[in-house]
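What follows is the residue order along each chain.
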Amino acid sequence: LTSIGFGRKKNIGLLGAPWAKIYRSEFVRNVAPTEPFRVGVARGQDVLFNVEMFGLARTVAYYPHVVYRYVISPDSYSHRPSTDFVSRAEILVSHLTALVAKYRWDHLNPAIDKLSVDLLEEGIKRLGPRAASSDLIDLARHEPFAGALRRTRARDYSIGGLVKMLLLRSRLYATYRRAVGLNHVVRARA
């Protein structure tokens, strides 16, 4: 997932939106599953589709020039608070894990762990600065996040990302909150 790149460019966001790619229609018709965008996966259908298509393609080309501009809306689902974020993240990770197992793409398991840790961080941000410390602890102990924190590789992170991952792995939640700017301290619920 995160290691897919072209030439000397590391991950350049290749697995996001399908509209940022051009697929040959006969390739998609002949190779894609009967349901390329899985019903019941509310978050990450595009990632699942692109991982499968990239994994099954014999050749992939990259055009290094800007041909469109992407605008991030603060009102989109990806950026607004949601009560079902954790369940949606679990569903995405379980589908990715099944896809990797189906094709025996075991080399992608570290990338799934990294994605899970990234989703944990997003979940923590969605909890917000007023969330109780116990909420953060519960989230970090929840699968797939807890397992991913144990397995994820240090080499997959920038320095800042590595520090945050190690704080979470070491269960230094108060320090993590300060490091990411969630320094409003709320006592854990009894």
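Residues numbered from 1 in each chain as written. Predicted model: local features only at pLDDT ≥ 70, side-chain atom pairs only at ≥ 80, totals over all residues. Heavy atoms only, no water.

Details of the nonpolar core
Residues Val51, Leu96, Leu119, Leu120, Ile124 and Leu168 are the most contacted members of the largest nonpolar core, which totals 31 residues. Those elements that provide at least two residues to this core are helix 2 (45–56), helix 3 (85–103), helix 4 (109–127), helix 5 (133–141), helix 6 (145–151), helix 7 (159–169) and helix 8 (173–179). With seven residues, the single largest contributor to this core is helix 3. (Core = buried A, V, L, I, M, F, W, Y, C linked by side-chain atoms within 4.5 Å. Buried < 20%, exposed > 50% of the residue type's maximum accessible area, 1.4 Å probe, protein only. Helix = DSSP H or I, 4+ residues; strand = E, 2+ residues; numbered from the N terminus.)

Considerations on the packing of aromatic side chains
For the coordinates displayed, the defined rule picks out two aromatic pairs. Between Tyr23 and Phe49, the aromatic rings sit 5.3 Å apart at their centres with planes inclined by 80°, giving edge-to-face as the arrangement. You can see Tyr23 sitting in the segment before helix 1 (25–31) and its partner Phe49 sitting in helix 2, a full 26 residues away along the chain. The exposure class of Tyr23 is partly exposed, given its relative accessible area of 22%. Between Tyr103 and Trp105 the ring centres are 4.5 Å apart and the planes differ by 20°, which places this aromatic pair in the stacked class. With a relative accessible area of 12%, Trp105 lands in the buried category. (Phe/Tyr/Trp six-rings, centres within 6.5 Å; stacked < 30°, edge-to-face > 60°.)

A look at the environment of Glu143
In this fold, Glu143 is placed in the loop between helix 5 and helix 6. On the accessibility criterion, Glu143 (41% relative accessible area) is partly exposed. C-alpha separation for the pair Glu143 and Leu120, spaced 23 residues apart in sequence, amounts to 9.9 Å. The residues touching Glu143, leaving out its near neighbours within four places in the chain, are Glu90 and Arg150. (Contact = heavy atoms within 4.5 Å.)

Section: the pattern of salt bridges
According to the stated counting rule, one finds nine salt bridges in the structure shown. Ionic pairing is found between Asp113 and Arg151, a salt bridge with its closest N-O pair at 2.9 Å. Taken together, the residues Asp113 in helix 4 and Arg151 in helix 6 connect sequence positions 38 residues apart. A salt bridge links Arg150 to Glu143; its shortest N-O distance comes to 3.8 Å. Given the relative accessible area of 58%, Arg150 is considered exposed. It is possible to trace a salt-bridge network through shared partners that takes in Arg43, Glu122 and Arg126. (Salt bridge = Lys/Arg side-chain N within 4 Å of Asp/Glu carboxyl O.)

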